[in-house]
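# Descriptive structure summary
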Amino acid sequence: MLVNEASLQTFEMVVFSTVFSLVLGLPLGILLCTSDPQSGIKARPVLYQVLTRIVNALRSFPFIILMIILFPLSRIIVGTSIGTKATIVPLSIAAAPFVARIIESALKEVDAGVVQAARAMGSSIMQIIWKVLIPESMHALIDGITLTIINLIGYSAMAGAIGGGGLGDLAIRYGYQRFRPEIMAIAVVVILVLVEIIQFIGTMLSHRVASRR
Amino acid sequence: MEIVLSRLEKTYKTGRSTPAVHAVRDISLTVPSNGIFGIIGKSGAGKSTLVRLISLLEPPDSGTVLYDGQRVDNLTGNALIQRRRRIGMIFQNFNLFSSRTAGQNIAYPLEICGTPRQEIDARVRELLEIVDLADRRDAPISTLSGGQKQRIAIARALANRPDILFCDEATSALDPQTTKSILNLIRKIQAQMNLTVVMITHQMEVVRDACSLVAVVHNGCVIEQGTVNDIFLHPAGDVTKEFLANLAPEPDAASDKGSIVRWSEGGGKYTLRFVNKLTDEPVLSRMAQKFHVEFNIRAGGIQKLPENRIGTLITDITGSPDEVEHALAYLKSEGVLVEEDV
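Residues numbered from 1 in each chain as written. Chains lettered and ligands numbered in written order. Predicted model: local features only at pLDDT ≥ 70, side-chain atom pairs only at ≥ 80, totals over all residues.

A few words on the domain arrangement of chain B. Residue and element names in this part refer to chain B. Domain boundaries in chain B define domain 1 (3-245) and domain 2 (255-340). For domain 1 and domain 2, the distance between their C-alpha centroids amounts to 38 Å. Each partner contributes residues to the interface: domain 1 has 8 residues there, and domain 2 has 7 residues. Only α7 (204-210) and α8 (228-233) provide two or more residues apiece to the side of domain 1 that touches domain 2. (Domains from an automatic or database assignment. Contact = placed C-beta atoms within 7 Å. Helix = DSSP H or I, 4+ residues; strand = E, 2+ residues; numbered from the N terminus.)

What follows concerns the sheet that holds strand β7 (residues 164-168) of chain B. Residues and elements named next belong to chain B. Strand order in the open sheet made by the 6 strands is β6-β7-β8-β3-β9-β10, with mixed pairing throughout. At either end of the open sheet lies a strand with only one pairing partner, and these are β6 (87-91) and β10 (221-227). The average angle at which neighbouring strand axes cross in this sheet is 15°, direction not considered. Both strand β3 (residues 36-40) and strand β8 (residues 196-201) contribute to a ladder of 5 bridges, which runs parallel. Bridge pairing links I39 to I200 in β8. Relative to the sheet, helix α9 (residues 238-245) contacts β3, β9 (213-218) and β10, its axis offset from that of β9 by approximately 115°. (Pairing = 2+ DSSP bridges. Axes fitted to C-alpha atoms, helices over the stretch in contact; angles between N-to-C directions.)

Residues and elements named next belong to chain B. Inspection of the sheet shows strand β1 (residues 3-12) paired to strand β4 (residues 62-67) by 5 bridges, in the antiparallel sense. Each residue of the ladder has a partner; that of S6, found in β4, is T64. Across 2 bridges, the pairing between β4 and strand β5 (residues 70-71) is antiparallel. Bridge pairing links Y67 to Q70 in β5. Counted along the chain from β4 to the antiparallel partner β5, the turn is 2 residues long, and its residue D68 has a positive phi close to 50°.

Shown next, in the form of C-alpha cells:
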C-alpha cells in the first residue's frame, strides 16, 4: 500500500521532470551545438560562452542545495514547496543543463562532412537541425535521454529527504527513521527494477535505430 | 555555367600562438562552361580551400567569384541558400546521411526545396536508373560499397538539376577500378546534362582520364594551367613534372603499354614524344635512313589521354654533331616533340 503510493509518486516525478527538462534542455543543447565558435553551423562565440557558463553553474550545484534555493520558485509555480508536484520544479531545472550537455555532445558527434554536405546542398539552419543533426544522432540522443531518466530516478529519491514524497521519502521516513529495514529494502528494490526497465527499453530503442542504418 | 575567379585570397587564423595559414593566394581562373575542369595539387596546396570558395561554402577574404558573369561570393541568407541548391557537390568520404536509405538520401535535396512527394519519388527513381542502382533504393547506406556510395552521392548531387558539379577528391577513397567507373559516370552525365564539372584531385590519373582542362595548384597559387594535352606534353613546373612522374599505370591497359618502361640504366639524352597518329609511323627508322645517325632506345611507353595518345621514347641519337642536328630538325618537322637533357 505504502509502496504502491510511493512508486506512483516517484513515477509522476520522473515522468514530468523528464518532459520538462527536455523542454528546457533540448533547445539549450541545440543552441550550444550550433553556436559553438569552432564547430557550430552558426557560430556565436558570445552566446556560446554565456550559455556554457549558465549550464556549468547549474550543474555544479549539489542537488539538495539547488532544491532548497528553488523552494520559492516551486511556491510560485505550483503553489507549494513540499510534496511531489513541488519537487518536479527543482528536478526539471537540475536536469535541464545535464540534458543540454548530453544533447550538445550527441549532436556534435554527427560527422562534420555530412553537415557540410547538407550546407552545400542549400539547407537552412533549421533544416540542418531537424533533418540532419537530430536524425543522424538519434541513437546517441536516445542513450542520453535514458541516462537522464535514470539520473532523475536517483535525484527524485534524494528529493524525498526534504519532503518530496516517492520511494526515497518512504525509505527514509519508514525504513530509516522508524527502523523498518524491510521497507527500506523494498523501496531500494523497486528503484532498482525501475532503473533496469528504463535502461532495457532505452538500449533496445537505441539499438533498433542504430541497426536500421 | 562559366565560372570566373579573380584574385581570390583566403587566410585562416588558426590560433593566437600559431601563424595564420595563407591557403589561397591571388588565384584567378576561368572555368569554361560545359566541360570537366581539373584542379590538381598535393595535400595542403590549397585546393580544398579553393573549392570551398568556388562552391560558396565560405566567402573569400577578397576577390570575386562569378557564375555566368553574376557575382556570387557576396551572397548571404536566403539568396545564398537558393544558389547553393543549384550546385551539386560530391566528396571523398561520400558524406551520405546514415540515418536515411539510399533513396531517401537522393530525396533530401528535393525535400528541402519543398518538392511534392510524388515528384520526389519519380525523380529518385530516375536518378537511381542514371547511376545504375535502381535495385538499391531501400538499402541502408552502411550496406553499400564505396563505389555504390559515391554513385548515390552523385545521384543526390544531381537531384535538383544543378548547372555545376564540384567533385572534391571524389575518387580518392576508391580503388583504381571503381575510380575508373565513377569517372566514366561523371563524364557520361556531364555530356548528358550540360554540366560544368570542377574536379579537385591529387591524382594525375583522374585528370588524365576525365578532364579536358587542368590547373595545377601549389602553395595556394595556380602555377600552371592549360589543356590536359599541353600539360602532359610540356609540363613546365617541377610540381607538375612530379605529378606526371608518379602517374600510376592505367588499370585496364595491357601491361606492355602502361607507363614508361626503362630497360637500360643511364643514357637517354633525348626525350621524344609522339602524339596521336605519329605513334603509328616509323619516324625514327626513316630518320636513321635519311641521316648518318644511329639511335638507341633506352625507355618507352604510351599514355592515354581522353582524346589523345602520347608515345614517349627516351633515346640516344649518335653521329656527327651536324647530322644529329639535322636529324633532330627532321623529327621536329614531322611533329615529334623533342626534349634534350643537358
